[in-house]
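Analysis of the macromolecular model
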Amino acid sequence: MQPTDITDSDYFHKVVDCQWACPAHTPVPEYIRQIAAGRYADAYMINWKSNVFPGILGRTCDRPCEPACRRGRVEEEPVAICRLKRVAADYKGDVSDRMPAASATRNGKRIALVGAGPASLTVARDLAPLGYHLVIYESDARAGGMIRSQVPKFRLPEEVIDEEVGYIAAMGPEMRFGQQVESLKGLLDEGYDAVFVGSGAPRGRNLDLPGRKEAAANIHLGIDWLSSVSFGHISKIGRRVIVLGGGNTAMDCCRSSRRLGGEDVKVIVRSGFEEMKASPWEKEDAIHEDIPILNYLVPKEFKHDLGRLYGMTFEKVKAEYDARGRRRLVPTGEPDHFFECDDVLVAVGQENAFPWIERDIGLSFDGSNMPMVDDMTFQSTNPRVFFGGDAAFGPKNIIWAVANGHQAAISIHQFCQGLDVKDRPPPMVTLASQKMGIHEWSYDNDVSLDLRFKVPHRDKLAALKDIKAEVELGFDEKLAFAEAQRCLNCDVQTVFSDKLCIECDACVDICPVDCITFTADGSEAELRTRLSAPAHNTAQALYISGALKTGRIMAKDEDVCLHCGLCAERCPTGAWDMQRFLIDVAQAENACCSK
């Protein structure tokens, strides 16, 4: 194999599994160390630069970083990365003086942003300091989009939204509230240099079943119903409630129903429990609030008496798999299941709605009626129009909308400056030794078995009485420190110098996970089979040295390394060093640097 090129910015980035898995590439270990040191404002600003909404995401993120966490190699539960993000927000104090201001001078370019959700707000935050005149069109009376309208207040308090949206509003974009864009062609005709569409996926998917029209008064689309609850238009629901769907919207609907008078609330899903799209913790919270989840039931009919809904029938199904492992649901042959209800909330998915985008303006749509958008630049086939968030690729979590917004902002900046939007600016990377003495490091590298700490919750009875009472109370500073100590500092990399190595094998002897091997070279597939511990995860690299004095090479399996630093402590020649890797993923402010 060729020696590993550790100057490639992606190499060590990929080893920092949590940051690599985060769509916005937040430097997770870096901000966790700041929390452990009690430097909450610093931790917050590290988050704010990449994910824009630390307090919001610390409560609502779907946490793609946590399944990737290296702590999962040691024990079952990863570090509570998401909830530590909230700690930074809860204890940061006043950071308004750290926020960038809008540019004092305009650059002459005007950008329209459709929707004031997380994608548009991210674009605004990145472009405002560069002198752009930004105009945000929002049909609601306040900014936030689905953050404000669809996430229940018992999960995300209004004041958190106000604060973090307020930081962006203070940067000077022109907010046109109560203005729904009815024509993209009309918007383009107003002379904007570019238009960003961040309008989300605002339409809930319906169920066209017998009885749907007749009993419509008590059958509600989940996302519309949540919006009505959020804005105070709905304050009660029937005693018996059925929620259809297995995603996070369904979990929000059922838990909101419990707080608005629903005593007998159940979730009914056509798939199995493990296949539900809802996050595991969302399902756990619903079950904790005495909401049963019934699986493998396909809705057949809304039962009504002269328009008065009184129940639903379902067909019982089971999963069968063909020879290629493809699943299909087949009837079990059991009699239909009937459940009484007063109201039904339909949360079986969301769809994009683009009736306001004309089909004669050079903007192409695919067979699913979605705009054709480049997945790197977020530019549509009309070069002046960019998309992001749910409007670009369908419903996902807030963190994906933020990541899309950052990339779209780069493209808009490149486009407005007459540069190629595909010319992406490189990240900025530093590698710095953490050595303070011969065997001393500037970070805590003690690896021990530490079970994940539970986030305190409000008493269930108290929580169910008030739809605005936040259920999760967050870590206090003591628990936050203890949880932060579970981080394995996987951004502090083991860096090897073959010129200093004397092949004493001391590092091999002390390695607790047998990830280091000195052996003859070979092809990667063959080499992986004869390491000290076979390296089966090909998604993570082998760190390969150049030829050593004996002709052997050093091969380290990056997948199982715990970054404990014992190899560097034991090495008598300093061939191993522990170096802190920090990658600063480029944003619009760096977009001209590639030239």
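Residues numbered from 1 in each chain as written. Predicted model: local features only at pLDDT ≥ 70, side-chain atom pairs only at ≥ 80, totals over all residues. Heavy atoms only, no water.

The next point concerns the overall build of the chain. Of the regular secondary structure elements, the chain holds 21 helices and 22 strands. Against the globule reference of 25 Å for 595 residues, the chain gives a C-alpha radius of gyration of 27 Å, in line with a compact fold. Seen through its C-alpha atoms, the chain measures out along the principal axes to roughly 90 × 65 × 50 Å. Relative to its 595 residues, the chain shows a buried fraction of 54%. Contacts spanning at least 24 positions in sequence make up 72% of the contacts within the chain whose residues lie at least 6 apart. (Helix = DSSP H or I, 4+ residues; strand = E, 2+ residues; numbered from the N terminus. Rg over C-alpha atoms; globule rule 2.2 N^0.38 Å. Buried < 20%, exposed > 50% of the residue type's maximum accessible area, 1.4 Å probe, protein only. Contact = heavy atoms within 4.5 Å.)

For the pair helix α8 (residues 118-127) and helix α16 (residues 398-416), the least separation of the axes is 7 Å and the interaxial angle reads 40°. Classified by the angle their axes make, α8 and α16 are oblique. When the axes of α8 and α16 are compared, the crossing they make is right-handed. Each of Pro118, Ala119, Thr122, Val123, Arg125, Asp126 and Leu127 in α8 lies in contact with α16, whose residues at this interface are Ile398, Ala401, Val402, Gly405, His406, Ala408, Ala409, Ile412 and His413. (Axes fitted to C-alpha atoms, helices over the stretch in contact; angles between N-to-C directions. Parallel < 35°, antiparallel > 145°, perpendicular 65-115°, else oblique. Left-handed = near helix turned anticlockwise from the far one by under 90°.)

Spatial strand order, β3-β2-β1-β4-β16: 5 strands in an open sheet with parallel pairing. Looking along the sheet, the strands with just one partner apiece sit at the ends: β3 (174-177) and β16 (385-387). Geometrically, the sheet is characterised by an average inter-axis angle of 20° between neighbouring strands, direction not taken into account. Relative to β16, strand β4 (residues 194-197) runs parallel, the two sharing 3 bridges. Bridged to valine 197 within β16 is phenylalanine 387. Set on the sheet, α16 makes contact with β1 (110-114), β4 and β16; between it and β4 the angle comes to about 170°. (Pairing = 2+ DSSP bridges.)

A positive phi angle, close to 70°, is found at valine 52, a residue other than glycine. Locating valine 52 in the fold gives a position in the loop between α4 (40-51) and α5 (54-60). Given the relative accessible area of 0%, valine 52 is considered buried. Phi at tyrosine 296 is positive, roughly 60°, even though this residue is not glycine. Classification of tyrosine 296 by relative accessible area gives partly exposed; the value is 23%.

This part takes up the packing of helix α3 (residues 28-36) against helix α18 (residues 477-484). Close contact between α3 and α18 brings their axes to 9 Å; oriented N to C, the two are set at 135°. Viewed along their axes, α3 and α18 adopt a mutual orientation that is oblique. Judged by the twist between their axes, the crossing of α3 over α18 is left-handed. In this structure, α3 contributes Ile32, Ile35 and Ala36 to the contact, and α18 contributes Ala480, Phe481 and Ala484. Classifying every residue of the contact of α3 with α18 gives 6 nonpolar, no polar and no charged. (Nonpolar A, V, L, I, M, F, W, Y, C, P; charged D, E, K, R; others polar.)

Neither face of strand β19 (residues 516-519) is left uncovered, since the one carrying Ile516 and Phe518 and the one carrying Thr517 and Thr519 both have all their residues buried. Two elements, β19 and strand β21 (residues 553-557), share 4 bridges in a ladder whose sense is antiparallel. Paired with threonine 517 across the strands is alanine 555, a residue of β21.

Take the side chain of glutamine 587 next. Its place among the elements puts glutamine 587 in the segment after β22 (576-584). Sequence-distant contacts of glutamine 587, that is, excluding residues within four places in its chain, are made with Lys49, Ser50, Arg125, Asp126, His406 and Ile410.

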